[in-house]
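Structural characterization, general
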Amino acid sequence: MNKMSSFFTLMTIALLSLATTNEDLVITSKEYTPSINLSSVEDNVSLDLFIDDYDYAIEDSDSLDSSQYLLESKGTASSTNHYSNLIALKNCGLSAGNYVYTDGYYNSGDGGAAKYYITSTSEAADNLLIIQLKNGLKAKLICGSELDVAQIGILPNNVISDKINTVQKRAESYGIKTIKFNDGLYLINKPIALKSLNYIGTGKTNLCVSTKFQAVGDKILYTLPDSTHSSYTLSFSNLNFLFPAVKNHPQSGKEMLLVALQETNKCTITNCNFKAYPDNTNGTYMDVVLLWFKHSSLTKDVIINNCTFSNTTGDGYSGSKTDHLRGGCFWICGQSNSYTSPVENVKISNCSFYSTVTDENIALWRGAFKDISFDHCTFTNATQDCDNSITFYNGSFKNISITNSVFNIYAPAQYIVKITRLANESDFTFSGSSFNLATGSTDSSKRQVAIFSTSEDMAGASQNIPCSVGISDCKFISQKNTHYRTIVGFSNVNNKHYSLKKCEMLLPLDYGVFTISGNNSSISLDDSKIDTQTYLSTIENSSNFTVSISNNEIYSLPKSVFKGNMKINYVFRNNICTSTSAAALLTCIDVASNSSIVYNNADNTFSTGSKLREFYSNNGLLASDILVKE
């Protein structure tokens, strides 16, 4: 085949490729499953081959005149300064100082229309922002502060990594502040190093990881400090980040980070969707984290609004639902072996997080976290048993809040909110939120232990780190007879303080509203509606512990179980107790003889109209040893 026939064959293939359309992707929070045939897209002939052969054919043929590619004059533009595409521009014979226009990159009307300045600059041509012309001059793209990727030949249904990486290296010096993508599917075949830029799409812009993606490391789109950037300021809007998990993926068996940001001084993410999903449900699970602010010495001023995070790779796992699958939706951690890296002013609102893997849906650890909020968010765990829905650990956490949000637990979660290994004083607020427990499991021994869990401080810390957790105006709802052991679980803690107020707790709790073990701590339960279907609380091996239960409506048995060595002040006042079953208000089991219990029981209303009996069994402590105040 001669060169000209080769050129026309390639041109025909390329035009057919351009005509290929994909079904528009509709983005929803958890049901979003893109219908993309990646194999056909990834096998398309690259349009860059078309450009290269087109140039070659024009150079080689005496019968072709570049002037035939000039468009007619449009109003004020001269016919000699207006071209149909980049190929025609490359073959123009204009002198330096002229401005020229194209109506497309590969073809007129393909979205790559641009303005160029003809110059004799010594700047190296990259054939993206600076185009080498056949007459030895160069055409410099005039794009202002916003670059449309079509102007550098990045069109849908093609790989983009090399061109994006190349243009970003020059973007800042070129005055570009924004990179704009258009409707369609853009394939990421290699890692993309992000810069301090604004990345925007249309809402139908799909940045999809190729099923042939190649990388030595674990990052796909990322920032890393370099010689010119110690930190980054960047934003994303109206973009869909996609990771399809397939069998025999080149990265199978590795942890992969869809978007990994390090050293971010400011980051805004709005109207974006992050999605990792299996190609099918038979062995296509992959370990993916959707968005990870990772190993940073500084993370601050992060605003995420109206976004969805959906990691359903667990649906592609063919093993047991109790096997441990790695991956998550949104994680933040500081530098390795440190808990002092500042993470400040992170505001997340109107977002949904959906996970079918075992690791935490949301995880914040290894840092000095301050002013972190989730508002009007939805957190969902499904399919695979999970460790925790949200975890805070190995750090300090000041002014952390989750408000007006919904937790949907469709697969057993050992803990829903876990606070552990604190390094310094911390405080948390949870308000106006609902916890919908709908797993259908009654296993509260291991799989569904506590909705809120607090355990020992970080190794090497004083083990007396102050921490307060306020829970107010929250609803805890059981569906399908789902049982949890307790709402609040303390485990061998010191100086921890929980407050529950104006909550609805109408669900099976096998050990009561709280199950606590610790010292120098407190818990209060006020102005709430309570029906655990068992009893009120379990307290064991606790010293200098204050429990206050006041002004509640209690429909289940109002008794508390005491076990072990106790030094406790227990207040039970102004409660309306509607159970008609006879029960002990205090049930003491194996309580040590050196224990001290001060019990304040006053102004309560019982349906029988009589005072509840105290009952003691197998105790060193006698009934007369309990100081009762009324």
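Values in this document were obtained by computation on a predicted structure and should not be read as measured data. (Residues numbered from 1 in each chain as written. Predicted model: local features only at pLDDT ≥ 70, side-chain atom pairs only at ≥ 80, totals over all residues. Heavy atoms only, no water.)

**Some details on the overall build of the protein chain**
To be explicit about the condition: A run of DSSP states H or I qualifies as a helix once it reaches four residues; a run of E qualifies as a strand once it reaches two. Both are numbered from the N-terminal end. Categorising residues by exposure relies on relative accessible area from a 1.4 Å probe, with only protein chains included: less than 20% of the type maximum marks a residue as buried, more than 50% marks it as exposed, and the intermediate range marks it as partly exposed. Any two residues having at least one pair of non-hydrogen atoms within 4.5 Å are treated as being in contact.
When helices and strands are tallied, the protein chain shows 5 helices and 49 strands. Of all 630 residues assigned to the protein chain, the portion counted as buried reaches 56%. A separation threshold of at least 6 residues defines the contact pool for the protein chain, and within that pool the share at least 24 residues apart is 77%.

**Details of the layout of surface pockets**
Note the following rule: Any residue with an atom within 4 Å of a point lines the site, the site being either a cavity, points on a 1 Å grid over the protein atoms alone where a 1.4 Å probe fits but cannot get out, or a pocket, an open set with protein on both sides within 12 Å along at least 5 of 7 lines. Grid points are joined across faces, edges and corners, and a volume is the space filled by probe spheres set on the points. Asp, Glu, Lys and Arg are counted as charged, while Ala, Val, Leu, Ile, Met, Phe, Trp, Tyr, Cys and Pro are counted as nonpolar; the rest, among them Gly, fall into the polar class.
Approximately 260 Å³ is the volume attributed to the second largest pocket. Asp359, Glu360, Thr391, Tyr393 and Arg421 are the residues nearest the centre of the second largest pocket, which is lined by 14 residues in total. Only strand S23 (362-375), strand S25 (386-403) and strand S27 (413-422) provide two or more residues apiece to the lining of the second largest pocket. Looking at the lining of the second largest pocket, its residues break down into 5 nonpolar, 3 polar and 6 charged.

**Here's the deal with the sheet that holds strand S5 (residues 138-142)**
To be explicit about the condition: A pair of strands counts as paired when DSSP detects no fewer than two bridges linking them.
Ordered by their spatial adjacency, 5 strands build an open sheet running S1-S2-S3-S5-S4, and the pairing between neighbours is mixed. Edge positions in the sheet fall to strand S1 (82-83) and strand S4 (130-132), since each has one partner strand and no second. Bridging between strand S2 (residues 99-102) and strand S3 (residues 114-119) involves 4 bridges; their strand directions are antiparallel. Of the residues in S3, the one forming a bridge with threonine 102 is alanine 114.

**A word on the state of the cysteines**
Rules: Cysteine sulfur atoms are paired as a disulfide whenever they fall within 2.5 Å.
In total, this model carries 0 disulfides according to the counting rule given. We note that cysteine 377 lacks a disulfide partner, and the nearest cysteine sulfur, in cysteine 351, lies 5.0 Å from it.

**Quick look at the nonpolar core**
Definition in use: In this description, a nonpolar core means a group of buried Ala, Val, Leu, Ile, Met, Phe, Trp, Tyr and Cys residues linked to one another through side-chain atoms lying within 4.5 Å.
In terms of nonpolar packing, the biggest core is built from 150 residues, with Phe236, Phe353, Phe452, Ile471, Phe476 and Ile487 touching the most fellow members. A per-element tally of this core places strand S13 (residues 232-245) first, with 7 residues. Setting aside residues up to four positions removed in sequence, isoleucine 471 forms contacts with Phe430, Phe452, Phe476, Val488, Tyr498, Ser499, Leu500, Lys501 and Cys503.

**Brief notes about empty space enclosed by the protein**
Scanning the entire structure with this criterion turns up 2 cavities of 30 Å³ or more. Approximately 70 Å³ is the volume attributed to the largest cavity. Along its surface, the largest cavity is lined by Ile160, Ile164, Gln168, Phe181, Ile192, Leu194, Tyr199, Leu207, Leu221, Phe236, Leu239 and Phe241. Elements with a minimum of two residues in the lining of the largest cavity: helix H5 (161-171), strand S11 (198-209) and S13. The element contributing the most residues to the lining of the largest cavity is S13, with 3 residues. Looking at the lining of the largest cavity residue by residue, the classes come out as 11 nonpolar, 1 polar and no charged. Here the second largest cavity is characterised by a volume of approximately 30 Å³. Lining the second largest cavity we find Lys219, Thr223, Ala260, Leu261, Gln262 and Lys294.

**Looking at the pairing of strand S19 (residues 308-311)**
Remark: a regular strand shows side chains that alternate across the two faces of the sheet. Burial of the side chains of S19 extends over both faces: Thr308 and Ser310 are buried on one face and Phe309 and Asn311 on the other. By the bridge criterion, 4 bridges tie strand S16 (residues 273-278) to S19 in an arrangement that is parallel. Bridging across to S19, asparagine 273 finds its partner in threonine 308.

**Considering the environment of isoleucine 142**
Relative to the helices and strands, isoleucine 142 is located in strand S5. A relative accessible area of 37% means that isoleucine 142 is categorised as partly exposed. Placed 42 residues apart in sequence, isoleucine 142 and valine 100 show a C-alpha to C-alpha distance of 9.9 Å. Filtering out sequence-adjacent residues up to four positions away, isoleucine 142 remains in contact with Lys115, Tyr116 and Tyr117.

**Examining the packing of aromatic side chains**
The condition is simple: Aromatic contacts are taken between Phe, Tyr and Trp rings whose centres are within 6.5 Å, Trp giving its six-membered ring; a plane angle under 30 degrees counts as stacked, one over 60 as edge-to-face, and the others as tilted. In this scheme, Lys NZ or Arg CZ marks a charge over a ring once it lies within 6 Å of the ring centre and within 35 degrees of the ring normal.
Per the counting criterion, the structure on display carries 33 aromatic pairs. Between phenylalanine 241 and phenylalanine 274, the aromatic rings sit 4.8 Å apart at their centres with planes inclined by 15 degrees, giving stacked as the arrangement. Of this pair, phenylalanine 241 sits in strand S13 while phenylalanine 274 is found in strand S16, placing the two residues 33 residues apart along the sequence. Ring geometry for phenylalanine 430 versus phenylalanine 452: centroids 4.9 Å apart, planes at 75 degrees, classification edge-to-face. In this pair, phenylalanine 430 sits in strand S28 (residues 426-431) while phenylalanine 452 sits in strand S30 (residues 450-454), placing the two residues 22 residues apart along the sequence. When sorted by exposure, phenylalanine 430 lands in the same class as phenylalanine 452, which is buried. Sitting over the face of the ring of tyrosine 99, lysine 115 holds its NZ or CZ atom 4.7 Å from the ring centroid.

**Examining the environment of alanine 583**
Among the structural elements, alanine 583 can be located in the loop between strand S44 (576-577) and strand S45 (584-591). Residue alanine 583 is classed as buried on the basis of its relative accessible area, which comes to 8%. Along the primary structure alanine 583 and leucine 557 are separated by 26 residues, whereas in three dimensions their C-alpha atoms are 6.9 Å apart.

**Thoughts on the pattern of salt bridges**
Rules: One side-chain nitrogen of Lys or Arg within 4 Å of one carboxyl oxygen of Asp or Glu is enough to make a salt bridge.
Evaluation of the coordinates by the stated rule reveals 14 salt bridges. For glutamate 123, the salt bridge identified is with arginine 170, shortest N-O distance 3.4 Å. Here glutamate 123 is found in the loop between S3 and S4, whereas its partner arginine 170 is found in helix H5, with 47 residues between them in sequence. For glutamate 123, a relative accessible area of 30% puts it in the partly exposed group.

**Observations concerning unusual backbone geometry**
We note that asparagine 238 has phi near 55 degrees; this positive angle belongs to a residue other than glycine. Within the secondary structure, asparagine 238 sits in strand S13. On the basis of relative accessible area, asparagine 238 is assigned to the partly exposed category, the value being 26%.

**Considerations on the pairing of strand S46 (residues 596-602)**
The buried fraction of S46 amounts to 6 of the 7 residues, a majority that puts the element mostly inside the structure. With 7 bridges connecting them, strand S43 (residues 560-573) and S46 associate as parallel partners. In the sheet register, valine 571 faces S46, and the bridge partner there is asparagine 600. Direction of pairing for S46 relative to strand S49 (residues 627-629): parallel, over a ladder of 3 bridges. Each bridged residue has a counterpart across the sheet, and for asparagine 600 the counterpart in S49 is lysine 629.

Interpretation in functional terms is not warranted from these geometric data alone.
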